[in-house]
Amino acid sequence: AQKVTQAQTEISVVEKEDVTLDCVYETRDTTYYLFWYKQPPSGELVFLIRRNSFDEQNEISGRYSWNFQKSTSSFNFTITASQVVDSAVYFCALSEARGTASKLTFGTGTRLQVTL
Amino acid sequence: ETGVTQTPRHLVMGMTNKKSLKCEQHLGHNAMYWYKQSAKKPLELMFVYNFKEQTENNSVPSRFSPECPNSSHLFLHLHTLQPEDSALYLCASSQDGGWDGYTFGSGTRLTVV
């Protein structure tokens, strides 16, 4: 069975600090996708990134960066120079193929609080 | 505007009531999903519809009844719910298997009293 573990329930940082959110996954599939979503207080989940299992290159997008390590089944997310607007719940997710529609399995989320 | 619209945003219902949640997407996606988000629990997939056909029912109790009249609309009909069904219900849509990610709505916050 697929499983995603986000061990950090809540993290509090002061603005401009760097913060890393951890994600560890389990799957028996050889082809899979990993995702990060952001859930602000308004409720909707906002797509941040997708990574496929064959691409272990790290990715940087502005202040966001992702470190995918297949050897440790981890897909960690780092926010550099955090800002108050980054305060949200962040979810890591793993997809598995189910015919023509995929199925996302989510972690329990990490609540990030950025204060001034 | 996220592309996926859910109504109502908030709903309070008694255990004997019947109500429906609505989800609408105009992104041209072919798959739609219902997820349940309870406090301190992972998001739970409830139902998957692909081209209007239900492809997954994740052992959801029959008091939740989905309906997908077309690829743009998805409903969740609720009847005789329990207080533990109180949660945020999220709708999502995706295209071509969802490998590019899902687009989520803002959810309906349901409280069963």
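In the block above lies the structure referred to throughout.
This one's a predicted model, so the numbers in the text were calculated from it and none came from an experiment.

### Regarding the overall build of chain B
Within chain B, the secondary structure is distributed over zero helices and 11 strands. Radius of gyration (C-alpha) of chain B: 13 Å, near the 13 Å computed for a compact globule of 113 residues. Looking at chain B as shown, the accessible area adds up to about 5200 Å², and 50% of this sits on carbon and sulfur atoms.

### A few points about the sheet that holds strand E7 (residues 64-70) of chain B
Residue and element names in this part refer to chain B. Read across the sheet, four strands follow the order E1-E3-E8-E7 without closing on themselves; strand pairing throughout is antiparallel. Looking at which strands have only one partner, the edges of the open sheet turn out to be strand E1 (4-7) and E7. Across the sheet, the axes of successive neighbouring strands diverge by a mean angle of 15°, strand direction being ignored. In the sheet, strand E3 (residues 18-25) pairs with strand E8 (residues 73-79) via seven bridges, with the strands oriented antiparallel. Residue pairing for E8: Cys23 is matched across the bridge by Leu74.

### Remarks on the state of the cysteines
Summed over the entire model, instances satisfying the criterion amount to two disulfides over all chains. In this model A:Cys23 forms its disulfide with A:Cys92; the gap between the sulfur atoms is 2.0 Å. For the disulfide bridge between A:Cys23 and A:Cys92, the dihedral angle about the S-S bond is near -65°, and by the sign convention the bridge is left-handed. With a gap of 69 residues between them, A:Cys23 in the loop between strand E3 (19-21) and strand E4 (24-26) and A:Cys92 in strand E10 (residues 88-98) connect regions that are remote in the sequence. Note on A:Cys23: relative accessible area 0%, which makes it buried. Given the relative accessible area of 0%, A:Cys92 is considered buried. Note that B:Cys23 is cross-linked by a disulfide to B:Cys91, the S-S spacing being 1.9 Å. Linking B:Cys23 and B:Cys91, the disulfide has an S-S dihedral of approximately -75° and is accordingly described as left-handed. With B:Cys23 in strand E3 and B:Cys91 in strand E9 (residues 87-94), this pair connects stretches of sequence that are 68 residues apart. In terms of burial, B:Cys23 and B:Cys91 fall into one category: buried. Take B:Cys68: it sits in no disulfide, and the sulfur closest to it among the cysteines is that of B:Cys91, at 9.0 Å.

### Observations regarding the nonpolar core
In terms of nonpolar packing, the biggest core is built from 23 residues, with A:Trp36, A:Phe75, A:Phe77, A:Tyr90 and A:Leu112 touching the most fellow members. Secondary-structure elements contributing two or more residues to this core are strand E2 (10-14), E3, strand E5 (33-39), strand E8 (64-69), strand E9 (74-79), E10 and strand E12 (110-115) of chain A. Residue contributions to this core peak at four residues, all from E10(A). If you look at the next biggest cluster of nonpolar residues, it comprises 22 residues, including B:Val4, B:Met13, B:Trp34 and B:Val60.

### With respect to the side chain of B:Gln37
Locating B:Gln37 in the fold gives a position in strand E4 (residues 31-37). Judged by its relative accessible area of 12%, B:Gln37 is buried. B:Gln37 has contacts with A:Gln39, A:Phe91, B:Leu43, B:Ala87, B:Leu88 and B:Leu90, leaving out every residue within four places of it along the chain.

About the thresholds
- Residues numbered from 1 in each chain as written.
- Chains lettered and ligands numbered in written order.
- Predicted model: local features only at pLDDT ≥ 70, side-chain atom pairs only at ≥ 80, totals over all residues.
- Heavy atoms only, no water.
- Helix = DSSP H or I, 4+ residues; strand = E, 2+ residues; numbered from the N terminus.
- Rg over C-alpha atoms; globule rule 2.2 N^0.38 Å.
- Areas by Shrake-Rupley, 256 points an atom, 1.4 Å probe, with all protein chains shown as cover.
- Pairing = 2+ DSSP bridges.
- Axes fitted to C-alpha atoms, helices over the stretch in contact; angles between N-to-C directions.
- Disulfide = S-S within 2.5 Å.
- Buried < 20%, exposed > 50% of the residue type's maximum accessible area, 1.4 Å probe, protein only.
- Core = buried A, V, L, I, M, F, W, Y, C linked by side-chain atoms within 4.5 Å.
- Contact = heavy atoms within 4.5 Å.

Nothing here speaks to function; it is geometry throughout.
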